[in-house]
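Listed below, chain by chain, are the residues.
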Amino acid sequence: MKYILKKSYQLLLVAFVLLVACKQKETQPKNTEVTALVSKMTLEEKVGQMTQITLSTFYKKGVFQEEKFKKYIISNGIGSILNVNESEPLSVEEWHELITKIQDYAKETRLQIPVLYGIDAIHGATYTKEATLFPHNIGLAASRNPKLAFEIAEITAKEVRASGIRWNFDPVLGVGRQPLWPRFEETFGEDVLLVSEFGTQAIKGYEGTDLKNNKNVASCMKHFLGYSVPQSGKDRTPAYIPEIVLREIFMPPFKKAVETGCPTIMINSGSINGVPVHINKTLLTDLLKNEWGFKGLVVTDWEDIMYLYKEHNVAKDNKEAVKMAINAGIEMSMVPGKLDFYNDLIELVNEGEVSMERIDDAVSRILKVKFDLGLFDNPYPEKEAVANFGLASYKETALKTAEQSMTLLKNETINNKPVLPLNKNSKVLIAGPGANSLATLHGSWSYTWQGDREHLYAESTLTIKEAIQNKIGKENVTSIAPNKFQEITTSEIKSVTQKAKNVDCIILCLGEISYAETRGNIDDLELSKDQIELAKAAIATNKPVILVLTEGRPRIVNEFIEGIVGVLMAYRPGSEGANAIANVLFGDYNPSGKLPFSYPKYSGNLLTYDAPIRNIKTYKPQWAFGEGLSYTSFEFGEIELSSKTLNENGSLTVKVKVSNTGKMDGDLVIDLFVKDLVASIIPPMKKLRKFDRVHLKAGESKAVEFILNKDDLSFVNAYLKRVTENGEFEILIGNKAVKFNYN
Ligand code: BGC
């Protein structure tokens, strides 16, 4: 009896401990400062903290509307502000003035809780004048060098923090598998491993080891989940993604970011399988917070609670929308203009529709970020941080990253000589709307949201034409540089024939204008008609035509590509992009980038490289994932394995000798793919499992090693479980392949 009693007592104790553990898992980490502060707060103060407004609500065209501002900050106790005046970026000094004013007002509130200012600095400090802008993620991924993502993020953090801002809405962790989507350039491409690896490095670069340090900022992974693959290709439209694909492709980068310690997350404005993500409790609470253990704050995207009733039609009014979103797991609403959210949430709590427990959880998560960022110690811009703004070395990093991203897709041989690199004595005609445009080099989020204001770019930033003029002399360059990508006049097109007469080759600069979000929606992936006409006119001159593409997504070039002898994909290469392009074209840099996506040949064939193997005969892109040429030649030795069998707890060392057999030094990007030869669901054609980049002098060889383990062979099976199945696998590196068994 005594024994039974003792046993029951023990069982009860275990159950109690488990219950407490589960309960704790559901809520935020208990931090004494946070708990103490929350216990002093009124409901209104708590809801104020959960409200984020946009700067332009009270600051328009440089004019500050004091009364309105006082109301928001002092009366309503708004916890967070975002963005910039829509027309112009601010200088560091202007930012300091503004943030100081904001925090001064916050000091006038009862509890003096500082305001958390957030910004989109997604490839450099977007909204600060003279900040360095780097290549967009899509180009960065081509470098296969995640260290660059780290370096860029470190610099961006320094420039953002020097501006007095401590929260950055980046990195974008959507996997870019829908090339029509206008935010494709913000992604690291179509492969889940690339997105995870680059995304993690960006987070580490932003955050450093201590958010209080005046060189670091809090990162914000976004947009959770499934934003990057809208069915229609249009921004913010519904996505339909089977759960098996969500788990295989779209969740892993976010899970890894949570493990890396990213403290904030922004939600996808769209819906998955009919459910707007902002009300998806299964994703926001059960998966993200309870299963993955995310302890940070969840912020909505722009007006997204309002859209629940205005566009998604899943709520009858704002109040119902607020209730659904907060109960699903949202902590902060980017309202960003009106106070309906604030008023409705207060009412909902008073009516018992949203529990005080939920509110306390949300506020604690928000305050935790503020404490971690040192805002309670000093909410003001840190004067000493200004020394970290605009260092000359940042430009070097911008150039290095742009160069490593450059992807040479075609280089035909004419008279026994590859057409690229060009001789510096050449006379060239530079033609096309990309020739003299800074916006096309930068894309979205470049000093303005749309990145389309030429006059805002720094004096020192060069267009492709200017960079080439610097390289080979103005006298050797003629140009036809239409202003618009969509409207090239017939006379401009006709002038190609005449202007090409005395040149050795034509550098054709085509691609896309700068755009962000819905303004970049398109119905067709083809390059614009006028650009195709211009390309045809250039080809008709019979001069060698080299195509330079500056674009945020792959625009189809199939109609004329046969007549082009060289193709350089430059993506959105940023402030030093034109120099990087000129360096590659004229042989001062040996290109090494590899496509991070499949460049389609036809609008109706948008398969990714890792589509199920049954698609193997129909995967016919213009250029495949991983393509990219060099000016030198590389050879791969046979792949050597440490064993013919990999066991569950073991690892497999994969060794391959790589040699530069050409005459020029260069970097080699090595993609290691694995093929699962037989699996319980149709396996992908192949899957990128490791990648690396090595520098090889002409004539040099190096041994490169990769370690594979069970997880590198895993996939999500039909029962939605991640498994590694026994059987035969094949490793593919360059033109070499080798098989092994997993047991
Ligand atoms: C975008 C977000 C961005 C937010 C704030 C939204 O329109 O979708 O990525 O962080 O605006 O500027």
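Criteria and cut-off values
- Residues numbered from 1 in each chain as written.
- Predicted model: local features only at pLDDT ≥ 70, side-chain atom pairs only at ≥ 80, totals over all residues.
- Heavy atoms only, no water.
- Near = heavy atom within 4 Å.
- Polar contact = N/O pair within 3.5 Å; in protein donor to acceptor, adjacent residues only side chain to side chain.
- Areas by Shrake-Rupley, 256 points an atom, 1.4 Å probe, with all protein chains shown as cover.
- Nonpolar A, V, L, I, M, F, W, Y, C, P; charged D, E, K, R; others polar.
- Core = buried A, V, L, I, M, F, W, Y, C linked by side-chain atoms within 4.5 Å.
- Buried < 20%, exposed > 50% of the residue type's maximum accessible area, 1.4 Å probe, protein only.
- Helix = DSSP H or I, 4+ residues; strand = E, 2+ residues; numbered from the N terminus.
- Contact = heavy atoms within 4.5 Å.
- Pairing = 2+ DSSP bridges.
- Salt bridge = Lys/Arg side-chain N within 4 Å of Asp/Glu carboxyl O.
- Domains from an automatic or database assignment.
- Buried area = accessible area lost by both parts, 1.4 Å probe.
- Phe/Tyr/Trp six-rings, centres within 6.5 Å; stacked < 30°, edge-to-face > 60°.
- Lys NZ or Arg CZ within 6 Å of the ring centre and 35° of its normal.
- Axes fitted to C-alpha atoms, helices over the stretch in contact; angles between N-to-C directions.
- Parallel < 35°, antiparallel > 145°, perpendicular 65-115°, else oblique.
- Left-handed = near helix turned anticlockwise from the far one by under 90°.
- Expected span 1.5 Å × (residues − 1).

Some remarks on the site of the ligand
Okay, so step 1: If you check the shell around the ligand, you find 14 residues, and the closest are D120, R183, H223, R236 and D301.
Okay, so step 2: H223 places a polar side-chain atom, nitrogen or oxygen, 2.7 Å from an oxygen atom of the ligand.
Okay, so step 3: D301 is positioned with one of its side-chain polar atoms (N or O) 2.5 Å from an oxygen atom of the ligand.
Okay, so step 4: Relative to its free-state accessible area of 310 Å², the ligand is covered by the protein chains to the extent of 96%.
Okay, so step 5: Each residue belonging to the shell around the ligand can be placed in one class, and the counts come to 6 nonpolar, 2 polar and 6 charged.

Details of the nonpolar core
Okay, so step 1: I81, W95, Y117, F224 and L345 are the most contacted members of the largest nonpolar core, which has 138 residues in total.
Okay, so step 2: Among the elements that make up this core, the one with the highest residue count is helix α7 (residues 146-162) (8 residues).
Okay, so step 3: If near-sequence neighbours (up to four positions away) are discounted, I81 is found in contact with Q52, I53, T54, L55, F58, F69, I73, I102, V115, L116, Y117 and G118.
Okay, so step 4: C505, A582, L585 and Y589 belong to the second largest nonpolar core, which has 38 residues in total.

Notes on the pairing of strand β20 (residues 566-569)
Okay, so step 1: Residues G566 and L568 of β20 are buried on one face, and the alternating residues V567 and M569, pointing to the opposite face, are buried as well.
Okay, so step 2: Where strand β13 (residues 407-411) meets β20, 4 bridges bridge the pair, whose relative direction is antiparallel. Paired with L408 across the strands is L568, a residue of β20.
Okay, so step 3: Strand direction decides the pairing type here: strand β19 (residues 545-550) and β20, joined by 4 bridges, are parallel. The residue of β20 that forms the bridge with L549 is M569.

A look at the pattern of salt bridges
Okay, so step 1: Overall, the coordinates contain 42 salt bridges when judged by the stated rule.
Okay, so step 2: A salt bridge links K70 to E67; its shortest N-O distance comes to 3.9 Å. Taken together, the positions of K70 and E67, both in helix α4 (residues 66-75) and 3 residues apart, correspond to about one turn of that helix.
Okay, so step 3: A salt bridge links D588 to K424; its shortest N-O distance comes to 2.8 Å.

Remarks on the domain arrangement of the chain
Okay, so step 1: Under the domain assignment used here, the chain contains domain 1 (1-40), domain 2 (118-388), domain 3 (406-615) and domain 4 (634-742).
Okay, so step 2: The centre of domain 3, based on its C-alpha atoms, is set 33 Å off from the matching centre of domain 4.
Okay, so step 3: Across the boundary between the two partners, domain 3 contributes 13 residues, which contact 15 residues of domain 4.
Okay, so step 4: Taken together, the two surfaces of domain 3 and domain 4 that pack against each other cover about 1,200 Å², and 61% of this comes from carbon and sulfur.
Okay, so step 5: Considering only the side of domain 3, the residues that lose the most area to domain 4 are N590, Y609 and I613, jointly responsible for 46% of the buried surface there.
Okay, so step 6: Inspection of the domain 3/domain 4 interface yields 1 salt bridge.
Okay, so step 7: As a salt-bridge pair, D610 and K687 come within 3.3 Å of each other at their nearest N and O atoms.

Here's the deal with helix α18 (residues 464-472)
Okay, so step 1: Looking at α18, one finds that the buried residues are I464, K465, A467, I468, Q469 and I472.
Okay, so step 2: Contacts from the buried residues of α18 go to β16 (428-431), α17 (439-442), β17 (477-480), β18 (505-511), β19 and α21 (577-585).
Okay, so step 3: One or two positions beyond α18, positive phi appears at G473, with a value near 95°.

Notes on the packing of aromatic side chains
Remark: the centre distance and the inter-plane angle together describe each pair of aromatic rings, the angle taken between the planes.
Okay, so step 1: Scanning the entire structure with this criterion turns up 22 aromatic pairs.
Okay, so step 2: For the ring pair F58 and F69, a centre distance of 4.3 Å and an interplane angle of 40° mean the geometry is tilted. Here F58, found in the loop between β1 (51-54) and β2 (59-60), pairs with F69, found in helix α4; they are 11 residues apart in sequence, far enough to count as distant. A single burial state applies to F58 and to F69, both of which are buried.
Okay, so step 3: Here a set of aromatic residues connected by ring pairs shows up, and it is made of F58, Y59, F64, F69 and Y105.
Okay, so step 4: Seen from the ring of F64, K101 lies directly overhead, with NZ or CZ sitting 4.5 Å from the centre.
Okay, so step 5: A cation sits over an aromatic face here: K686 above F673, 3.9 Å from the ring centre.

Observations concerning the packing of α7 against helix α8 (residues 192-207)
Pairs of packed helices are described in terms of their axes, by the angle between the two and the distance that separates them.
Okay, so step 1: Direction vectors running N to C along α7 and α8 enclose 30°, while the axes themselves pass 7 Å from each other. In terms of axis orientation, α7 runs roughly parallel to α8. When the axes of α7 and α8 are compared, the crossing they make is right-handed. Every residue of α8 that contacts α7 at P146, A149, F150, A153, E154, T156 and A157 is listed here: E197, F198, Q201, A202, K204, G205 and Y206.
Okay, so step 2: Residues that form the contact of α7 with α8 fall into these classes: 8 nonpolar, 3 polar and 3 charged.

Here's the deal with helix α16 (residues 392-405)
Residue pairs three or four apart in sequence face the same way in an α-helix, which turns once every 3.6 residues.
Okay, so step 1: An ideal rise of 1.5 Å per residue puts 20 Å on 14 residues; α16 measures up with 21 Å between its terminal C-alpha atoms.
Okay, so step 2: Of the residues making up α16, those classed as buried are Y394, T397, A398, T401, A402, E403, Q404 and S405.

Some details on unusual backbone geometry
Okay, so step 1: That bond from V335 to P336 is cis: its omega, -25°, falls within 30 degrees of zero.
Okay, so step 2: Positive phi, normally seen in glycine, also occurs at N313, with a value near 55°.
Okay, so step 3: Relative to the assigned elements, N313 resides in the loop between α12 (304-310) and α13 (318-328).
Okay, so step 4: On the basis of relative accessibility, which here comes to 59%, the residue N313 falls in the exposed class.
Okay, so step 5: The phi torsion at E517 lies on the positive side, around 55°, for a residue other than glycine.
Okay, so step 6: Mapped onto the elements, E517 comes out in the loop between β18 and α20 (529-540).

Description of the sheet that holds strand β8 (residues 264-267)
Sheet strands pair via backbone hydrogen bonds, and the direction of the pair is either parallel or antiparallel.
Okay, so step 1: The sheet built from 3 strands is open, its strands ordered β7-β8-β11 with parallel pairing. Strand pairing shows two members of the sheet lacking a second neighbour, β7 (220-224) and β11 (297-299), which therefore form its edges. Each adjacent strand pair in this sheet contributes to an overall mean axis angle of 25°, direction not counted.
Okay, so step 2: Examined bridge by bridge, β8 and β11 share 3 bridges and lie parallel to one another.

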